[in-house]
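# Geometric and topological summary
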Amino acid sequence: MFNTTLTIPMGCFTFTLPHNAASVSPSLFQSQNLLHSHPQCGALKPTLNKTELLLLLSSPHHHHHSTITKTKTFASGNGIQTETAVVVEEKPQLEEGSFQVSRGYPSPFGATARDGGVNFAIYSLNALSATLCLITLSDFQNNVVTEYIPLDPLINKTGDVWHVFLKGDFRDMLYGYKFDGKFSPREGHYYDSARILLDPYAKAVISRGEFGAVGPDHNCWPQMAGMVPSSDDDEYDWEGDLPLNYPQKDLIIYEMHVRGFTKHESSKTKFPGTYLGVVEKLDHLKELGVNCIELMPCHEFNELEYFGYNSVQGDYKVNFWGYSTVNFFSPMMRYSSAGIRNCGRDGVNEIKFLIKEAHRRGIEVIMDVVFNHTAEGNENGPIISFRGVDNSVYYMVAPKGEFYNYSGCGNTFNCNHPVVRQFIVDCLRYWATEMHVDGFRFDLASIMTRGSSLCDGVNVFGAPVEGDILTIGTPLASPPLIDLISNDPILRGVKLIAEAWDAGGLYQVGAFPHWGTWSEWNGKYRDTVRQFIKGTDGFAGAFAECLCGSPNIYQGGGKPWNSINFVCAHDGFTLADLVTYNNKHNLSNGENNNDGENHNNSWNCGQEGEFAIISVKKLRKRQMRNFFLSLMVSQGVPMIYMGDEYGHTKEGNNNTYCHDNYLNYFRWDKKEESSSDFFRFCRLMTKFRQECESLGLDDFPTSDRLQWHGHFPGKPDWSETSRFVAFTMVDSAKGELYIAFNTSHLPFTITLPERPGYRWEPLVDTSKHAPYDFLTPDLPGRDIAIQQYAQFLDANQYPMLSYSSIILFCTPDENA
């Protein structure tokens, strides 16, 4: 033990503690002459209690020379008294490989390289002690802690923040923390000093190096640790990369899974299933006409969270989708080709490279973030990070410690707690500024509007509220977190998209508090379009609202771009399965087909499954074109799901969360097959949308621009039995468009609006075989195809087959 002397003058008392005082029992304070009477008043009662003395006595003795003075002024019978505690420690001679340790700084949180060393700061309200654990990469792989740095609560704590500053050799160095305190689930505390915890602010998380690799003894929860930054770290070369800042109304979003996009052998990429693999295939998205990709969760998660043998499929179930976050600052390391090499720095640089290369091609990048819950689950879940750091702060817990479960995943992040909401904002700012992402889609975002465990009038509003009956989880009209994000000077400049519902029954589509900056996944659009296109009665008027950007939902202060329109997403049927299956077929999940949504609003076009007669297959392709066309001609922001552009099938499985196989892999061979003529249709439709000024309006269309029609001009049919919707749209780039949908099982001939001096010319007809479903100017035989309609068009008419949609445009009539 290093020689240490503590001299503590305290008003009327002076304590002098010998160098070995840390071993002195509190019962020996007086017998060991640790208490001396004051020469003037002769009093003997100390003004420090035993707990405070123990904290002093337990201070670590490996610090370098420092003098810490703590002063407390109070009133007593003798007037104003002052307590001053002075701790003097001698600087020891450091052995080679040791660290120079000093007090450190309480901000910023996390591990930060500065002043030739690294500052560590972490918040914990209820911990009684904290220890920083430093681990070399080689020791980490052997489950050995290289060095423990105990933190002195008098020196290394400010408020509720533990901190320390170190200088030394941080090459290949990782870190974690040990906290001690109550282990009392009934009080919401899960402190366990035996566990090494992950810093919530760690910028790179290291665990296993390879996706899906099970550890020794079938261990699926390996130790995790954060990367220690170094002042020697090279600054990433962004090569002048700047935000693209597209207006939201101009976006065409593509929902993508990083691993699934290139993992299939047909991708023929050098690094399949990785960020670099996506870079190799970005040109495909450019060709499709996408200008924004929405990455399914790329924050660090444990893909082996519910690892187990699937006897039905003959393989192993994994957490493929990733909606179970372990750390929100670190990218998913096993999506990088580098794995744990260089303590994760190379992995961080790979996702930066993906974002930079996407921007180079004119494609924005949005992150799907899951701030509604974490991978730690309910009371039976693992203690990894947040739970061991301060469970009652980070999670929404009931008065007796039970976990609220508005996420359906065991726990609920305590989003509107002051510390947690600042954590979320810090994280979003990091990804926007350091990682250059263009926006965020918030999974189960309605949870972020619920009252926290610390929710009362004083906490939320700064003063008691008359009649305040807020309880934990109550939906708030003005949730502090949403307010903070919406008005943040950095975040209000990025895209913010809410999945405006949660698993607790809160549904806020059209009612999510947006402060003029948020958009929403429009689930009502999805359901309405599916119903109308498959020919369900009673949806003509609702479908017309969808085409206009859902003004029935958003017109009260909103805009069309508040609506993210989609027909399919990762959760549910793919577009091809939507027209192939009436029922879900989830047996391959090993849950007896009990999982997944039962109400899919799908139609198999007459036969269940992929094997069907030719007429059914043709109708299915027609319906896929109808769905895609409706998406591209609707006001609002269209979103395409990965693989739908060539007709990817998941064999009727509408909940493929657990499959690391062909069900979730993009099939590049299918995209290249001649049968994937659907890809041509999709890319031409996206290009058409981008060329039309009228299909991405800033505001809802009015009668000056849009007119509704029925089988005859100006006579729309909004009756319950109507299956026909048509409209004309004035477009400054294309002149005027006529767009119509016939979702009846009957064909008929429609009459077109009269336009003297002009004639209608066909552009799109989903009832036609490719390539005549979209008549491009350079299409061989285009004139012949148009001539086939001449007799109808001369009479200002057009024949529409059942389950078809068309786009016509006005051109000057040379024969007029």
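Residues numbered from 1 in each chain as written. Predicted model: local features only at pLDDT ≥ 70, side-chain atom pairs only at ≥ 80, totals over all residues. Heavy atoms only, no water.

## Let's talk about the overall build of the chain
- From N to C terminus, the chain includes 19 helices and 35 strands.
- Put simply, of all contacts in the chain between residues at least 6 apart along the chain, 72% involve residues at least 24 apart.
- Element-wise, carbon and sulfur atoms account for 50% of the exposed surface of the chain, whose accessible area totals about 32800 Å². (Helix = DSSP H or I, 4+ residues; strand = E, 2+ residues; numbered from the N terminus. Contact = heavy atoms within 4.5 Å. Areas by Shrake-Rupley, 256 points an atom, 1.4 Å probe, with all protein chains shown as cover.)

## What to know about the packing of helix H11 (residues 523-533) against helix H15 (residues 614-632)
- For the pair H11 and H15, the least separation of the axes is 11 Å and the interaxial angle reads 140 degrees. When the axes of H11 and H15 are compared, the pair comes out oblique. The chirality of how H11 crosses H15 is right-handed. Two secondary-structure elements touch here, H11 through Tyr525, Val529, Arg530 and Ile533 and H15 through Gln623, Asn626, Phe627, Ser630 and Leu631.
- Considering only residue class, the contact of H11 with H15 consists of five nonpolar, three polar and one charged. (Axes fitted to C-alpha atoms, helices over the stretch in contact; angles between N-to-C directions. Parallel < 35°, antiparallel > 145°, perpendicular 65-115°, else oblique. Left-handed = near helix turned anticlockwise from the far one by under 90°. Nonpolar A, V, L, I, M, F, W, Y, C, P; charged D, E, K, R; others polar.)

## So, helix H8 (residues 418-433)
- With 16 residues, H8 extends 22 Å between its outermost C-alpha atoms, agreeing within 8% with the 22 Å of an ideal straight helix rising 1.5 Å per residue.
- Every buried residue of H8 is accounted for by Val420, Arg421, Phe423, Ile424, Val425, Cys427, Leu428, Tyr430, Trp431 and Ala432. (Expected span 1.5 Å × (residues − 1). Buried < 20%, exposed > 50% of the residue type's maximum accessible area, 1.4 Å probe, protein only.)

## What about unusual backbone geometry?
- The step from Ser107 to Pro108 runs through a cis peptide bond, and the omega angle for that step is -5 degrees.
- Assignment of secondary structure puts Pro108 in the loop between strand E5 (100-102) and strand E6 (110-114).
- In the Ramachandran plot, His436 falls in the positive-phi region, its phi being about 65 degrees despite a non-glycine side chain.
- Tracing the chain through its elements places His436 in the loop between H8 and strand E24 (439-442).
- For His436, a relative accessible area of 16% puts it in the buried group.
- Although it is not a glycine, Asn601 adopts a positive phi angle of roughly 50 degrees.
- In this fold, Asn601 is placed in the loop between helix H14 (575-578) and H15.

## Observations concerning the sheet that holds strand E33 (residues 758-765)
- Overall, antiparallel pairing links the five strands, which are arranged E29-E30-E31-E35-E33 in an open sheet. The open sheet has two edge strands with one neighbour each: strand E29 (706-709) and E33. Pairwise comparison of adjacent strand axes, ignoring direction, gives a mean angle of 20 degrees for this sheet.
- Across six bridges, strand E31 (residues 735-742) lies against strand E35 (residues 804-812) in antiparallel orientation. Across the sheet, residue Ala740 finds its bridge partner in E35, namely Ile806.
- In the packing of helix H12 (residues 540-547) onto the sheet, the strands contacted are E29, strand E30 (724-731) and E31, and the crossing angle to E30 comes to about 25 degrees.
- Sitting on the sheet, H15 is in contact with E31, E33 and E35, with an inclination near 55 degrees to E35. (Pairing = 2+ DSSP bridges.)

## Details of the pattern of salt bridges
- Per the counting criterion, the structure on display carries 38 salt bridges.
- The salt bridge partner of Arg667 is Asp669, with a shortest N-O separation of 2.9 Å.
- Here Asp669 falls in the partly exposed class, since its relative accessible area comes to 27%.
- One connected set of salt bridges, linked through shared partners, spans Glu239, Asp283, Lys356, Glu357, Arg360 and Arg361. (Salt bridge = Lys/Arg side-chain N within 4 Å of Asp/Glu carboxyl O.)

## Some words on the sheet that holds strand E17 (residues 253-256)
- Pairing is parallel in the closed barrel, where eight strands are placed in the order E17-E18-E23-E24-E25-E26-E27-E28. Adjacent strand axes in the sheet meet at a mean angle of 25 degrees when their direction is disregarded.

## Considering the packing of H11 against H12
- Relative to each other, H11 and H12 sit at 130 degrees, their axes nearing to 9 Å. On the basis of their axis angle, the class for H11 and H12 is oblique. Between H11 and H12 lies a crossing of left-handed hand. Here H11 contributes Tyr525, Thr528, Val529, Phe532 and Ile533 to the contact with H12, which in turn contributes Ala540, Ala542, Phe543 and Cys546.
- For the contact of H11 with H12, a count of residues per class yields eight nonpolar, one polar and no charged.

## Quick word on H11
- With eight of its 11 residues buried, H11 lies for the most part within the structure.
- Every buried residue of H11 is listed here: Gly523, Tyr525, Thr528, Val529, Arg530, Gln531, Phe532 and Ile533.
- Measuring from the backbone nitrogen of Lys524 back to the side-chain oxygen at the start of H11 gives 3.2 Å, which picks out Asn522 as the cap.
- Phi turns positive, to about 95 degrees, at Gly535, one or two residues after H11. (Polar contact = N/O pair within 3.5 Å; in protein donor to acceptor, adjacent residues only side chain to side chain.)

## Re the pairing of E30
- Counting buried residues along E30, seven of its eight residues qualify, which places the element largely inside the surrounding structure.
- By the bridge criterion, eight bridges tie E30 to E31 in an arrangement that is antiparallel. In the strand pairing of E31, Asp731 is matched with Gly735.
- Counting the residues that bridge the hairpin from E30 to E31 gives three residues.

## Topic: the nonpolar core
- Counting residues in each nonpolar core, the largest one holds 193 residues, and the members touching the most others are Phe120, Tyr254, Phe440 and Met685.
- Counting residues per element, this core draws most heavily on H8, which supplies nine residues.
- Beyond its immediate stretch of four places on either side in the chain, Phe440 contacts Ile366, Met367, Val369, Leu428, Trp431, Ala432, Leu491, Val494, Lys495, Leu496 and Ile497.
- Core analysis: the next-biggest nonpolar cluster, separate from the first, contains 15 residues, Phe748, Leu752, Tyr798 and Cys810 among them. (Core = buried A, V, L, I, M, F, W, Y, C linked by side-chain atoms within 4.5 Å.)

## Focus: the packing of aromatic side chains
- Under the counting rule described, the total for this entry stands at 56 aromatic pairs.
- Taking 6.2 Å as the distance between ring centres and 70 degrees as the angle between the ring planes, the aromatic pair formed by Tyr254 and Phe261 counts as edge-to-face. In terms of burial, Tyr254 and Phe261 fall into one category: buried.
- Sitting over the face of the ring of Phe329, Lys203 holds its NZ or CZ atom 4.8 Å from the ring centroid.
- Across the ring face of Phe211, the terminal group of Arg259 is positioned such that the distance to the ring centre comes to 3.9 Å. (Phe/Tyr/Trp six-rings, centres within 6.5 Å; stacked < 30°, edge-to-face > 60°. Lys NZ or Arg CZ within 6 Å of the ring centre and 35° of its normal.)

## Regarding the environment of Met624
- Summarising the element assignment, Met624 is placed in helix H15.
- Judged by its relative accessible area of 9%, Met624 is buried.
- For the pair Met624 and Gly647, spaced 23 residues apart in sequence, the C-alpha to C-alpha distance is 8.3 Å.

## Observations regarding the side chain of Lys317
- Here Lys317 is to be found in strand E21 (residues 315-317).
- Overall, Lys317 belongs to the buried group, its relative accessible area being 16%.
- Looking at Lys317, its side chain comes within polar contact range of the main-chain oxygen of Asn589, at 3.2 Å.
- Other than its neighbours up to four places away in sequence, Lys317 contacts Tyr306, Phe307, Gly308, Asn310, Asn589, Glu591, Tyr657 and Cys658.

## A short note on the confidence of the model for the chain
- Summing up the model confidence of the chain, the mean pLDDT is 87 and the portion of residues at 70 or higher is 86%.
- Low pLDDT, under 50, characterises residues 1-97; the stretch is placed with 158 contacts to residues that sit more than four places away or in other chains. (pLDDT = per-residue confidence, 0-100.)

## Comments concerning the environment of Ala540
- Its place among the elements puts Ala540 in helix H12.
- Exposure remark for Ala540: the relative accessible area of 1% places this residue in the buried category.
- Along the sequence, Ala540 and Thr721 sit 181 residues apart, while their C-alpha atoms lie 8.4 Å from each other.
- Sequence-distant contacts of Ala540, defined by excluding residues within four places in its chain, comprise Phe532, Asp717, Trp718, Ser722 and Val725.

## Quick notes on the pairing of strand E22 (residues 325-331)
- Along E22, seven of the seven residues are buried, which leaves the element largely enclosed by surrounding structure.
- As judged from the three bridges shared by strand E19 (residues 299-301) and E22, these two strands associate in the antiparallel manner. The partner of Phe301 across the bridge, within E22, is Thr325.

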